[in-house]
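A look at the structure
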Amino acid sequence: MATMWTTRVRRATIEKIDPQDALPDNQPSYVASWIYVFGVLTLAALAVIIGSGLILTVRGASWWHTSGVGHYVNSVHLWAVELFFVFMVVHLWGKFWMAAWRGRRFATWVTGTFCFLSSLATAFTGYLIQGDFDSQWIATQAKDGLNSVGIGSFMNTLNSGQALLLHVALLPLGVGLIVVWHVILVRKNGVVPPLDAKEIAGGAA
Amino acid sequence: MSTKERNVDLAKWSGPKRPYDLVKELVIALVVVTLLIGACAAVFGSPDERAVTLQQWGQNAPSDFVATATGELAGSTISAGYGAPYNDAAEGLTLGPLKLQKWAGITIPVNPAEDFVLKPLKSSIDSAVPTAVATWSAASADQQAKWAEDYAAAIEKAGDSAKVVEDAAYGPVPVMTAALLHLAQEGSLDGLLTTEVTPLPSDFTMPLLFLADGGYFDELGAQQHLHGDQWGMMNETGSYPGQSWLWMFSFMYQIEPFKSSENADSQIFAMLFLLNLGFIFMPKLPLINRLPRLIPFHRLIWRRYYRENNL
Ligand code: HEM
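Residues numbered from 1 in each chain as written. Chains lettered and ligands numbered in written order. Predicted model: local features only at pLDDT ≥ 70, side-chain atom pairs only at ≥ 80, totals over all residues. Heavy atoms only, no water.

Observations concerning the coordination of the iron atom of the ligand
All names here are of chain A. The protein atoms that coordinate the iron atom of the ligand are His-91 (NE2) and His-182 (NE2), at distances of 2.0 to 2.1 Å. One way to put it: the six donor atoms around the iron atom of the ligand meet at angles of 86 to 180°, and that makes the site octahedral. Of this pair, His-91 sits in helix α5 (residues 68-97) while His-182 sits in helix α9 (residues 170-189), placing them 91 residues apart in sequence. Residue His-91 is classed as buried on the basis of its relative accessible area, which comes to 18%. (Donors = N, O, S within 2.8 Å, 3.2 Å for Na, K, Ca; no water. Tetrahedral: all angles 85-135°; square planar, octahedral: opposite > 155°, others 65-115°. Helix = DSSP H or I, 4+ residues; strand = E, 2+ residues; numbered from the N terminus. Buried < 20%, exposed > 50% of the residue type's maximum accessible area, 1.4 Å probe, protein only.)

Details of the site of the ligand
Contacts to the ligand come from 25 residues, most closely from His91(A), Lys95(A), Gly112(A), His182(A) and Val192(A). With respect to the ligand, its neighbouring residues span chains A and B. At 2.8 Å from a nitrogen atom of the ligand is found a side-chain nitrogen or oxygen belonging to His91(A). Between the ligand and His182(A) there is a distance of 2.7 Å, counted from a nitrogen atom to a side-chain nitrogen or oxygen. Secondary-structure elements contributing two or more residues to the shell around the ligand are α3 (37-59), α5, α6 (106-128) and α9 of chain A. (Near = heavy atom within 4 Å. Polar contact = N/O pair within 3.5 Å; in protein donor to acceptor, adjacent residues only side chain to side chain.)

Focus: the environment of Gln101(B)
Relative to the elements of secondary structure, Gln101(B) occurs in helix α5 (residues 100-103). Given the relative accessible area of 2%, Gln101(B) is considered buried. Ignoring anything within four residues of it in the chain, the contact list for Gln101(B) reads Asn147(A), Ser148(A), Val149(A), Gly150(A), Tyr82(B), Ala84(B), Gly92(B) and Leu93(B). At a separation of 2.6 Å, a polar atom in the side chain of Gln101(B) contacts the main-chain carbonyl oxygen of Ala84(B). (Contact = heavy atoms within 4.5 Å.)

Observations regarding the interface of chain A and chain B
With 100 residues of chain A at the interface, the matching set in chain B holds 100 residues. In this structure, the connection of chain A to chain B is made through three salt bridges. The salt bridge involving Asp196(A) is made with Arg293(B); its shortest N-O contact spans 3.1 Å. Those elements that place two or more of their residues in the side of chain A that touches chain B are β1 (26-28), α3, α4 (63-66), α5, α6, α7 (133-148) and α8 (160-168) of chain A. Top contributing element to the side of chain A that touches chain B by residue count: α5(A), with 16 residues. Of the residues assigned to the side of chain A that touches chain B, the class counts are 60 nonpolar, 25 polar and 15 charged. (Salt bridge = Lys/Arg side-chain N within 4 Å of Asp/Glu carboxyl O. Nonpolar A, V, L, I, M, F, W, Y, C, P; charged D, E, K, R; others polar.)

What about the packing of aromatic side chains?
Enumeration over the complete set of coordinates arrives at 29 aromatic pairs over all chains. Judged by centre distance (6.2 Å) and plane angle (90°), the ring pair of Tyr30(A) and Tyr305(B) falls under edge-to-face. One end of the pair, Tyr30(A), is in the loop between β1 and α3; the other, Tyr305(B), is in helix α17 (residues 303-308), on a second chain. With a relative accessible area of 2%, Tyr30(A) lands in the buried category. Aromatic side chains Trp13(B) and Tyr305(B) sit 6.4 Å apart centroid to centroid with 65° between the ring planes, which places their arrangement in the edge-to-face category. Of this pair, Trp13(B) sits in the loop between α1 (3-10) and β1 (17-19) while Tyr305(B) sits in helix α17, placing them 292 residues apart in sequence. Residue class for Tyr305(B) comes out buried when judged on its relative accessible area of 5%. Cluster of aromatic residues (ring-pair linked, three or more members): Phe84(A), Phe85(A), Trp93(A), Phe96(A), Trp97(A), Trp101(A), Trp109(A), Phe116(A), Phe279(B) and Phe297(B). A cation over an aromatic ring shows up here: Lys284(B) above the ring of Phe106(A), its NZ or CZ 4.5 Å from the ring centre. The ring of Tyr306(B) carries the charged tip of Arg299(B) above its face, separated from the ring centre by 4.0 Å. (Phe/Tyr/Trp six-rings, centres within 6.5 Å; stacked < 30°, edge-to-face > 60°. Lys NZ or Arg CZ within 6 Å of the ring centre and 35° of its normal.)

A few points about the environment of Glu82(A)
Within the secondary structure, Glu82(A) is located in helix α5. Taking C-alpha positions, Glu82(A) is 9.7 Å from Ala123(A), a pair spaced 41 residues apart along the chain. If we ignore the near neighbours within four places in the chain, the residues touching Glu82(A) are Tyr127(A), Pro241(B), Gly242(B), Ser244(B) and Trp245(B). Within the structure, Glu82(A) has its side chain in polar contact with the side chain of Tyr127(A) (distance 3.5 Å).

Notes on the side chain of Glu72(B)
Residue placement: Glu72(B) occurs in helix α4 (residues 62-74). Summary of buried charges: Glu72(B) has no salt-bridge partner, and the nearest side chain of opposite charge, Lys143(A), is 11 Å away. In this structure, Glu72(B) is in contact with Thr77(B), Ala80(B), Pro112(B), Ala113(B), Phe116(B), Val117(B), Phe210(B) and Asp213(B), ignoring residues within four places of it in sequence. (Lys, Arg positive; Asp, Glu negative; His and termini not counted.)

Examining the domain arrangement of chain A
Residues and elements named next belong to chain A. Domain boundaries in chain A define domain 1 (35-86) and domain 2 (99-192). Summarising the inter-unit geometry, the C-alpha centres of domain 1 and domain 2 are found 16 Å apart. Tallying the contact residues gives twelve residues for domain 1 and 16 residues for domain 2. For the domain 1 and domain 2 pair, buried surface summed over both sides reaches about 870 Å², with 73% attributable to carbon and sulfur atoms. (Domains from an automatic or database assignment. Buried area = accessible area lost by both parts, 1.4 Å probe.)

This is the structure we're talking about:
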């Protein structure tokens, strides 16, 4: 008898999760540095990006040009993105200098790089759909680069409708899924020990 | 390093632990970050430089508009000589033997003379237009090019299309471009160039390509310090931070060999592709993956651990 699909999915997922690992209430003693906060700060900024972005979508693409409230929400969206990238870059460099890919954590690093690259693409489409001079300028400038390697034949920066839909559907979905995957990997592997760590059971030597 | 150390990296940590409230950390981060962003937004705001229209172009720089329209007829503008994905007027950029631009195909067909000038002129109510367009259409391609090129040269020489003295050498081109200018100035060209596919437009390929062929748009960009050689890619209108994370991209346009290369766009894309592969596989790159050991910032990050364990 073949095992039921449902059983297999359960074994591969829920049964693998130890609640203590998923949401631990303690961390190894070496997890004590400001640098650890930057992953969480990046997540928090992403939450604000998504929240402000959702408000902007509800009222439509040109709302913020005519409404004071809309303009403020647009400003929140912009500054959330700027801070998101600042936090992410500090986080990234931190993880680099900690060589945080050690001990089968390469996949965590790789999903991190995809967080960065997919965020870049999403931010780019965001700039295309502002509906102001900056959008026109970026669209006409960026097309040459994309066209030069053939991408422009599929992604037309001058087509605001395409950029708008990419920016609010496929791309944020991609960023969201990759970030979730990244964070699951971090939880699954535990926080990487210091370089040249010696495990001293039962307390610091 | 020793196998022992590797094992420590791999295994579940069984050394000393300390209480750590992840959820509380996340909630506090959310509150702090939200307040910080809300404050930045209130203090700095965001730019909203109004988009330019063809109408503005026609009204503010009529001679540039007429010269550009003439260029579309002569086939001398950027769009007219672009290549894929718009037309087959050029091979496009290459990457050594790879003709990626050409191979990707003409997926967004644009024939500038036809799309930017002749089609919109069908909506002109100027009584001289039907005859002018008929004359144009009946002429040979060589004759058309000659008329347009001569008129373009005359505009350049006079410095202003309004100062060009009438001459049969320009054929119907002055009548056609003047009528197009009227369409732009009264505001109808903006609509005509966007509503061909559907009257509810969301695609601005036509007007933007036309606009970017002219000098007016370029000048506005320069005023906002947005040119490529002004690091424009990562700038925003006004003094707002733009896509600063594109600094590497922007940087390459400032340096040789790219700065003066005809294939700068494709070469820089290829370079970035390689650099990003390097970024993704950084942990596997010899030497680079040893940098964290060679330059020991980690001693600072984990100083408490090293101190407490006399390491
Ligand atoms: C959307 C962007 C990102 C988010 C939201 C994010 C979030 C997080 C969070 C919450 C953690 C755990 C807490 C911490 O150690 O800071 C983490 C760990 C990690 N991140 Fe990211 N990250 C992002 C991008 C990146 C990038 C660009 C890289 C590097 C290329 C990266 C590499 C890592 C690594 C290697 C760890 C594991 C650290 C360890 O085991 O100690 N992340 N990330």
